Amino acid sequence: MKTLITSILLVAALNVNAASPVSIQSVGKFKFVVESPNAKLTTNIYNGDGDLIHTEYFVSRKLFTLDSLSDGVYRIEVKNEKREVVSTKSFQIIRSRLSNFAFL
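Residues numbered from 1 in each chain as written. Predicted model: local features only at pLDDT ≥ 70, side-chain atom pairs only at ≥ 80, totals over all residues. Heavy atoms only, no water.

### Digging into the environment of Glu-81
Here is the rule we go by: What counts as a helix is a DSSP run of H or I of at least four residues, what counts as a strand is a run of E of at least two, and both are numbered from the N terminus.
Inspection of the secondary structure assignment puts Glu-81 in the loop between strand 4 (72-79) and strand 5 (85-93). When the C-alpha atoms of Glu-81 and Lys-40 are compared, they prove to be 5.6 Å apart, with 41 residues separating the residues in sequence.

Next up, the structure:
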């Protein structure tokens with residue numbers, strides 16, 4: 001019985017996380033939006049060497065502008081309020097290309 005209750009609680013916890021997914025979307029030249037309904041999030045941006053270059057705390061939605069970053073490969077890591085990684089995405093900035101910004 002204890003195992004069954006633990007399994008049900010685990011499934012319920014997974015469903016709560018599935019109910020509020022994190023979205024990372026490109027929304028224009030050198031811009032992206034991170035959002036998750038009613039969630040407290042931390043977004044870290046790392047450079048190609050894995051060095052943390054920016055951290056931002058917010059609730060629900062945040063627009064990031066990347067025009068100050070130099071050409072290179074970067075990674076966005078989004079954590080929930082329990083500091084668990086809930087989403088990650090890599091992107092590349094190449095100023096000589098028409099699109100200039102692309103998720104990998």
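### As for the packing of aromatic side chains
Basically, it comes down to this: Whether two aromatic rings pair depends on their centres lying within 6.5 Å, for rings of Phe, Tyr and Trp, where Trp uses its six-membered ring; planes under 30 degrees apart make the pair stacked, over 60 edge-to-face, and the rest tilted. Exposure is judged per residue with a 1.4 Å probe applied to protein chains only, and the accessible area is read against the type maximum: over 50% gives exposed, under 20% gives buried, and values in between give partly exposed. By the criterion adopted, a ring carries a charge over it if an Arg CZ or a Lys NZ lies within 6 Å of its centre and within 35 degrees of its normal.
Evaluation of the coordinates by the stated rule reveals four aromatic pairs. Consider the rings of Phe-32 and Phe-91, whose centres lie 6.1 Å apart with planes at 45 degrees: the pair is tilted. Here Phe-32, found in strand 2 (residues 31-46), pairs with Phe-91, found in strand 5; they are 59 residues apart in sequence, far enough to count as distant. A relative accessible area of 0% means that Phe-91 is categorised as buried. Ring centres of Phe-58 and Phe-64 lie 6.1 Å apart, and the angle between their planes is 70 degrees; on these two criteria the pair is classed as edge-to-face. Each member of the pair Phe-58 and Phe-64 is classed as buried. Here the aromatic residues Phe-32, Phe-58, Phe-64, Tyr-74 and Phe-91 are joined through ring pairs into a cluster of three or more. Over the ring of Tyr-46 we find Arg-75, and its NZ or CZ is 4.3 Å from the ring centre.

### Digging into the nonpolar core
Applicable threshold: Here the nonpolar core consists of buried residues drawn from Ala, Val, Leu, Ile, Met, Phe, Trp, Tyr and Cys, with membership extended through side-chain atoms lying within 4.5 Å.
Core analysis: the biggest nonpolar cluster contains 17 residues, and Phe-32, Val-34, Leu-66 and Phe-91 have the highest contact counts within it. Sorting the residues of this core by element identifies strand 2, strand 3 (52-65), strand 4 and strand 5 as the ones contributing at least two each.

### Digging into the pairing of strand 3
So the rule is basically this: Here, any two strands with at least 2 DSSP bridges between them count as paired.
Taken together, the 12 bridges between strand 2 and strand 3 define a ladder with antiparallel strand orientation. Paired with Leu-41 across the strands is Phe-58, a residue of strand 3. Between the antiparallel neighbours strand 2 and strand 3 lie five residues, among them Gly-50 with a positive phi of about 85 degrees.

### What about the side chain of Asn-80?
For clarity, the threshold we go by: Contacts described as polar in this section are N or O atom pairs within 3.5 Å, which, within protein, must combine one atom able to donate a hydrogen with one able to accept it, while residues neighboring in sequence count only if both atoms come from side chains. Any pair of residues with heavy atoms lying within 4.5 Å of one another is described as a contacting pair.
Structurally, Asn-80 is set in the loop between strand 4 and strand 5. For Asn-80, a relative accessible area of 14% puts it in the buried group. At 3.0 Å, the side chain of Asn-80 forms a polar contact with the backbone nitrogen of Lys-82. One polar contact links Asn-80 to Glu-84, side chain to side chain, over a distance of 2.8 Å. Discounting residues that sit within four places of it in the chain, Asn-80 has contacts with Lys-40, Leu-41 and Val-86.

### Some points on the environment of Arg-83
Looking at the element boundaries, Arg-83 is found in the loop between strand 4 and strand 5. For Arg-83 and Thr-42, which are 41 residues apart along the polypeptide, the C-alpha to C-alpha distance reads 7.9 Å.

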